[in-house]
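An overview of the molecular structure
Spelled out, the chains give:
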Amino acid sequence: MAFPKTFAELTQAKYKFDNHAKCRGCHKDIEWWITPTGKKMPFNLMPDIESPAVSHFATCPDAEEFRRSKVVR
């Protein structure tokens, strides 16, 4: 299945809206959603069901600040 492209597709794919917040890095308004596997994921604001579902990780200028470092074993 392809990644959901709109608000409506997110809900059809069993993503669940969690809350609105401000990004700790760039301070833009974002929406937190819970993925079907139970992980939280930030999205840019989606004012209606036809709005594009864009991961905030893809657009935030400070996204690197929030990436987890990979553990080398």
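Let me sum up the structure you'll find in this document. (Residues numbered from 1 in each chain as written. Predicted model: local features only at pLDDT ≥ 70, side-chain atom pairs only at ≥ 80, totals over all residues. Heavy atoms only, no water.)

Further remarks concern the sheet that holds strand β1 (residues 16-22). As summarised here, the arrangement of the 3 strands in space is β1-β2-β3, forming an open sheet in which the pairing is antiparallel. Among the strands making up the open sheet, the edge pair consists of β1 and β3 (40-44). Here the average twist between neighbouring strands, direction ignored, is 30°. Pairing between β1 and strand β2 (residues 29-34): 6 bridges, direction antiparallel. In the sheet register, K22 faces β2, and the bridge partner there is D29. (Pairing = 2+ DSSP bridges. Helix = DSSP H or I, 4+ residues; strand = E, 2+ residues; numbered from the N terminus. Axes fitted to C-alpha atoms, helices over the stretch in contact; angles between N-to-C directions.)

Coordinates in, geometry out; function isn't part of it.
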